[in-house]
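What follows is the residue order along each chain.
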Amino acid sequence: TAYTQSPTNWREIPFYTVLLDKFADGDPSNNDYFQTLWENDYRETQLRFGGDIKGLASKLDYLQGMGIRGIYIAGTIFLNMPWQADSYSPIDFTVVDPHWGTLQDWVNFIDTVHARGMYVMLDFTVGTMGDMLGFEGSAAHFFIVLFLR
């Protein structure tokens, strides 16, 4: 991909904040990725709706048409607890959350945004780690090992 220089003054860029899961579902096949109980239910406000990066990409004409030049994606794009839709419960900062799309989906999205003369700002949420974390030997660690296998 090509390098895109940041604007000289971010304050001059009209931004739109997106809670990715609640915005637009572009790929229903990743909605129930881990197939856990209560992972995805479009009727519930606290469970995953299904929004993802392909859904956001499908709305770029709409956003740009409103004069938006920057998209701020709230929460983290990294692996969150399966049933947490708000993106503020990361459990692994080395894996892109498959509910949002693949790493290539993200590369394609950012290239598309930059080609439109727009920008993307990603939140890197480390202060609100998921509650499935634990130390070796703890019950939480045991659950994580079982869950992720």
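None of these values were measured; they are calculated from a predicted model.

What counts and how
Residues numbered from 1 in each chain as written. Predicted model: local features only at pLDDT ≥ 70, side-chain atom pairs only at ≥ 80, totals over all residues. Heavy atoms only, no water. Helix = DSSP H or I, 4+ residues; strand = E, 2+ residues; numbered from the N terminus. Contact = heavy atoms within 4.5 Å. Areas by Shrake-Rupley, 256 points an atom, 1.4 Å probe, with all protein chains shown as cover. Salt bridge = Lys/Arg side-chain N within 4 Å of Asp/Glu carboxyl O. Buried < 20%, exposed > 50% of the residue type's maximum accessible area, 1.4 Å probe, protein only. Polar contact = N/O pair within 3.5 Å; in protein donor to acceptor, adjacent residues only side chain to side chain. Phe/Tyr/Trp six-rings, centres within 6.5 Å; stacked < 30°, edge-to-face > 60°. Lys NZ or Arg CZ within 6 Å of the ring centre and 35° of its normal.

S.K.: Would you mind showing me how to read the overall build of the protein chain here?
M.R.: Tallying secondary structure elements over the protein chain gives five helices and five strands in all. Along the protein chain, from the amino end to the carboxyl end, the secondary structure elements read β-α-α-α-β-β-β-α-β-α. Within the protein chain, counting contacts between residues at least 6 apart in sequence, those at least 24 apart form 68% of the total. By element, 56% of the accessible surface of the protein chain is carried by carbon and sulfur atoms, the whole surface being about 8,700 Å².

S.K.: How should the pattern of salt bridges be read in this particular structure?
M.R.: Should their charged atoms come close, side chains of opposite charge can pair. Throughout the structure, instances matching the rule amount to five salt bridges. One salt bridge in this structure joins Lys54 and Asp27, with 3.9 Å as the shortest N-O distance. Here Lys54 is found in helix 2 (residues 53-57), whereas its partner Asp27 is found in the loop between helix 1 (20-23) and helix 2, with 27 residues between them in sequence. Among the residues examined, Lys54 registers a relative accessible area of 39% and is labelled partly exposed. Between Asp97 and Arg48 there is a salt bridge, with the nearest N and O atoms lying 3.2 Å from each other. Placement of the pair is Asp97 in the loop between strand 4 (90-96) and helix 4 (103-115) and Arg48 in the loop between helix 1 and helix 2, with a sequence separation of 49 residues. Residue classification places Asp97 among the buried positions, given a relative accessible area of 0%. For Arg48, a relative accessible area of 1% translates into the label buried.

S.K.: Looking at this structure, how should I read the environment of Asn108?
M.R.: As for its placement among the helices and strands, Asn108 is situated in helix 4. What makes Asn108 partly exposed here is its relative accessible area of 38%. Here the alpha-carbon distance between Asn108 and Lys54, two residues 54 residues apart in the chain, equals 9.4 Å.

S.K.: For this particular structure, what's the right way to read the side chain of Arg48?
M.R.: There is a polar contact of 3.3 Å between the side chain of Arg48 and the backbone oxygen of Gln84. Reaching out from Arg48, the side chain makes a polar contact with the side chain of Asp97 at a distance of 3.2 Å.

S.K.: What's the story with the packing of aromatic side chains in this structure? I'm lost.
M.R.: The relation between two aromatic rings is expressed through the spacing of the ring centres and the mutual angle of the planes. Summed over the entire model, instances satisfying the criterion amount to eight aromatic pairs. Seen in terms of ring centroids, Phe93 and Phe124 are 5.0 Å apart; in terms of plane orientation they differ by 50°. Their pairing is tilted. Highlighted residues: Phe93 in strand 4 and Phe124 in the loop between strand 5 (119-122) and helix 5 (139-148), separated in sequence by 31 residues. Where Trp106 meets Phe109, the ring centres are 6.4 Å apart and the plane angle is 85°; that geometry is what we call edge-to-face. Of the two residues, Trp106 and Phe109 both sit in helix 4, three residues apart, roughly one turn of that helix. What makes Trp106 buried here is its relative accessible area of 3%. Given a relative accessible area of 3%, Phe109 falls into the buried group. Through a chain of ring-to-ring contacts, three or more aromatic side chains come together here, namely Trp10, Phe15 and Tyr119. Sitting over the face of the ring of Trp100, Arg48 holds its NZ or CZ atom 4.9 Å from the ring centroid.

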